[in-house]
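In case you want the letters, here they are:
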There are 2 protein chains.
Amino acid sequence: MANPIDFYFDFSSPYGYFAASKIEDIAARHGRTVNWRPILLGAVFKVTGQQPLPTIPLKGDYSKRDLERTAKLLNLPFKLPTKFPISTQSPARAFYYLNNRDPALAKRLALALYVAYFADDVDISSPENTADIAAHAGVDKTEMTAALNDPAVKDRLRHEVDAAVALGVFGSPYIVVDGEPFWGSDRLDQVEKWLSTGGW
Amino acid sequence: MANPIDFYFDFSSPYGYFAASKIEDIAARHGRTVNWRPILLGAVFKVTGQQPLPTIPLKGDYSKRDLERTAKLLNLPFKLPTKFPISTQSPARAFYYLNNRDPALAKRLALALYVAYFADDVDISSPENTADIAAHAGVDKTEMTAALNDPAVKDRLRHEVDAAVALGVFGSPYIVVDGEPFWGSDRLDQVEKWLSTGGW
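Every value quoted in this text rests on a predicted model; they were computed, and no experiment measured them. (Residues numbered from 1 in each chain as written. Chains lettered and ligands numbered in written order. Predicted model: local features only at pLDDT ≥ 70, side-chain atom pairs only at ≥ 80, totals over all residues.)

Scanning chain A from terminus to terminus reveals 10 helices and four strands. Listing every helix and strand of chain A by position from the N terminus yields β-α-α-β-α-α-α-α-α-α-α-β-β-α. Compactness check: chain A gives a C-alpha radius of gyration of 16 Å against a globular reference of 16 Å for 200 residues, within 12% of the reference. With the principal axes as the frame, chain A shows a C-alpha extent of 50 × 45 × 35 Å. Considering only contacts within chain A whose residues lie at least 6 apart along the sequence, 71% involve residues at least 24 apart. (Helix = DSSP H or I, 4+ residues; strand = E, 2+ residues; numbered from the N terminus. Rg over C-alpha atoms; globule rule 2.2 N^0.38 Å. Contact = placed C-beta atoms within 7 Å.)

The structure is reproduced here in C-alpha cells:
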C-alpha cells in the first residue's frame, strides 16, 4: 500500500482552503489516501518570524487580488472574511477530536468549516460557531462543545503543531508526498506530477 | 498596439531568473513586448519588512529544494550560488545604462547576468564581473565600468526602484499586464491566461 499524503493546513489560510478542495481528488487519481493535519500558523510564525499575509505592506493588498483571481480560476466560492486572519484552535480541535473515531467525517467537517469561513463569512474562531457547523455535519453539539474544552484534545493539537514544526512545516498548505515537501496551493501541479513520476 | 508587459525583477532572485527565461516567449505568443525593469529587493524589503528567503527559518531550507525541483521542471540550468543573496546595484545599473540605447541588447545582457549567477556561480554583485559579462555581450568594458559609477545611472536605478514601490511592487518577479499585477514565477500560467482572455 502506497504511503498516505500528509496535508498540513491552517483553517485561517485561504490557500489551504484551495488545496483542501482539491487534494482528495488528486490523491485518489494516484491511489493514495490523505492524512489531514490542521496546524496553527500563529505558533509556526513564532518560529519563523513570519507575519500574517494581510499585515504585510504592499504584499497584503496584492494577496486580496490574487486570492479572488485564483479562486475564480479554481471554480471555488470565495469572499475574503470580514475578520481575517483568525485564531483556529476551535476548528482544529474539532477536527482532531472527530478524526479519532471517523476520519472521513472529520474531513467533511474540515471542508464545511473552510466553506463557512471563506465562502459564507462565518467566524469559525468561535467555539459556538464551530460546534454549530459540526452539529450540521451530524455531530452532537453538546459533545463537541465539551470536546473543544477537553485538555486531552488541546494537548493533541499542541502535539500536532510541535511535530509539524519539527518536520519543517512553515506555512499552509504544506503537502508531503513520500518525504518530499511542497508548499502552497500553486504547487499542486508539482504534487500531481510527483505522484505520477515518483520525482524528477 | 497592445500595452507592453512590465516585468520587475531583482538579479538576485532565482524565481526572477526563471521568469526572465520565459517571459519573452509568453509575450510574443500574444503579440506583446516586455519592458524589463530590474529593482533592488533590499530597498523594497525596507518598506515591507520582509526578509531574504535564505534567512527565514524552515522556509529558507525548503526554498532550496523548491528551486532545484522547479528549475528541473522548467529545463533551466540552476545551481544555488555560493554567495546568496547578493546586492544587485551593478547588474541593475548595467541594464539601465544599456537599455537607453539598445533595449534588445540590454535584455540579452540581463539574461547573461542571470545565467552567470544562477548557472555558473559568478558573483555578479561585483562591478568587475558585471563589466566582464557585458564585454562578452559586446559592450566596451571601460565604458561599462565608467557607467556603473556614473551618478546619472545611479539616479536612474534609484528612481526606478522608488517608482516600483510606489506602484506596489513587493517581490520578484512581479509582472503587470494591462494594470493587473502577478507575483511569482508560479503565476506565469495566469499571466498567459490573462493575455489570452483579458481577465476572468
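We now examine the sheet that holds strand E2 (residues 34-38) of chain A. Residues and elements named next belong to chain A. Pairing is mixed across the open sheet formed by four strands, whose spatial order is E2-E1-E3-E4. Two strands in the sheet have a free side with no partner beyond their single neighbour: E2 and strand E4 (180-183). Within this sheet the neighbouring strands show an average axis-to-axis angle of 20°, counted without direction. Where strand E1 (residues 5-9) and strand E3 (residues 174-177) come together, three bridges link them in antiparallel fashion. Its bridge partner being in E3, Phe-7 is matched across the sheet by Ile-175. Packed on one face of the sheet, helix H10 (residues 188-197) meets E3 and E4 and runs near 5° to E3. (Pairing = 2+ DSSP bridges. Axes fitted to C-alpha atoms, helices over the stretch in contact; angles between N-to-C directions.)

Another aspect to go through is the packing of helix H6 (residues 103-118) of chain A against helix H7 (residues 127-136) of chain A. Residues and elements named next belong to chain A. Taken N-terminus to C-terminus, the directions of H6 and H7 make an angle of 125°; their axes are 10 Å apart at the nearest point. Between H6 and H7, the angle is such that the two are oblique. For the pair H6 and H7, the crossing hand works out as right-handed. On the side of H6, the interface is formed by Leu-109, Ala-112, Leu-113 and Ala-116, while H7 contributes Thr-130, Ile-133, Ala-134 and His-136. (Parallel < 35°, antiparallel > 145°, perpendicular 65-115°, else oblique. Left-handed = near helix turned anticlockwise from the far one by under 90°.)

The next thing to look at is the environment of Leu-195 of chain A. All names here are of chain A. In this structure, Leu-195 sits in helix H10. Distance from Leu-195 to Ala-28, taken between C-alpha atoms, is 11 Å for residues 167 residues apart in sequence. Not counting residues within four places of it along the chain, the set of residues in contact with Leu-195 comprises His-30, Arg-32 and Val-177.

All names here are of chain B. The four strands are arranged E2-E1-E3-E4 in an open sheet whose pairing can be described as mixed. Edge strands, defined here as strands with exactly one partner in the open sheet, are strand E2 (34-38) and strand E4 (180-183). Strand-to-strand twist across the sheet, computed as the mean angle between neighbouring axes with direction ignored, equals 20°. Judged from the four bridges that link them, strand E3 (residues 174-177) and E4 form a sheet pairing that is antiparallel. Opposite Ile-175, over in E4, you have Phe-182 as the bridge partner.

With that settled, the discussion passes to the interface of chain A and chain B. Taken together, the contact between chain A and chain B spans 22 residues of the former and 22 residues of the latter. Elements represented by at least two residues in the side of chain A that touches chain B include exactly helix H3 (41-48), helix H4 (59-73) and E4 of chain A. In terms of residue count, the dominant contributor to the side of chain A that touches chain B is H4 of chain A (seven residues). Along the lines of polarity and charge, the residues of the side of chain A that touches chain B split into 10 nonpolar, six polar and six charged. (Nonpolar A, V, L, I, M, F, W, Y, C, P; charged D, E, K, R; others polar.)

Right, let's talk about the pairing of E3 of chain A for a bit. Burial along E3 of chain A is two-sided: Tyr-174 and Val-176 of chain A and Ile-175 and Val-177 of chain A, pointing in opposite directions, are all buried. Between E3 of chain A and E4 of chain A, which pair antiparallel in sequence order, lie two residues; one of them, Asp-178 of chain A, sits at a positive phi of approximately 50°. (Buried ≥ 20, exposed ≤ 12 C-beta atoms within 10 Å, placed from the backbone.)

On to the environment of Phe-170 of chain B, then. Topologically, Phe-170 of chain B is positioned in the loop between helix H9 (151-167) and E3. Look at Phe-170 of chain B and you get buried, because 25 C-beta atoms sit within 10 Å. Spatially, the C-alpha atom of Phe-170 of chain B lies 33 Å from that of Lys-141 of chain B, the residues being 29 residues apart in sequence. Not counting residues up to four positions away in its chain, the partners in contact with Phe-170 of chain B are Leu-58, Lys-59 and Tyr-62 of chain A together with Val-44 and Thr-48 of chain B.

With 16 residues, helix H6 (residues 103-118) of chain B extends 22 Å between its outermost C-alpha atoms, agreeing within 8% with the 22 Å of an ideal straight helix rising 1.5 Å per residue. Structurally, H6 of chain B contributes buried residues whose contacts are with helix H1 (14-20), E2, helix H5 (89-99) and helix H7 (127-136) of chain B. (Expected span 1.5 Å × (residues − 1).)

A few words on the relation of the copies chain A and chain B. In the superposition of chain A on chain B (RMSD 0.0 Å, axial shift 0.0 Å), the rotation amounts to 180°. A rotation of that kind, with that shift, is consistent with a two-fold axis. Minimal C-alpha distance to the rotation axis in chain A is attained by Asp-186 of chain A, lying at 3.3 Å. A share of 100% of the interface residues of chain A reappears at the interface of chain B, consistent with the copies meeting face to face through the same patch. (Least-squares fit on C-alpha atoms with pLDDT ≥ 70 in both.)

If pLDDT is low for a region, its predicted coordinates should not be looked at in detail. Chain-level pLDDT for chain A is 97 on average; 100% of the residues reach the 70-or-more range. For this predicted complex, the interface confidence score (ipTM) comes to 0.94, while the overall pTM stands at 0.96. (pLDDT = per-residue confidence, 0-100.)

The amide bond that connects Phe-84 of chain A to the next residue, Pro-85 of chain A, takes the cis arrangement and shows omega of -5°. The residue Pro-85 of chain A is located in the loop between H4 and helix H5 (89-99) in this model. Ser-172 of chain B connects to Pro-173 of chain B through a cis peptide bond whose omega is -5°. On the secondary structure map, Pro-173 of chain B appears in the loop between H9 and E3. Phi at Leu-58 of chain A takes a positive value of approximately 65°, unusual for a residue other than glycine. Counting through the fold element by element, Leu-58 of chain A comes out in the loop between H3 and H4.

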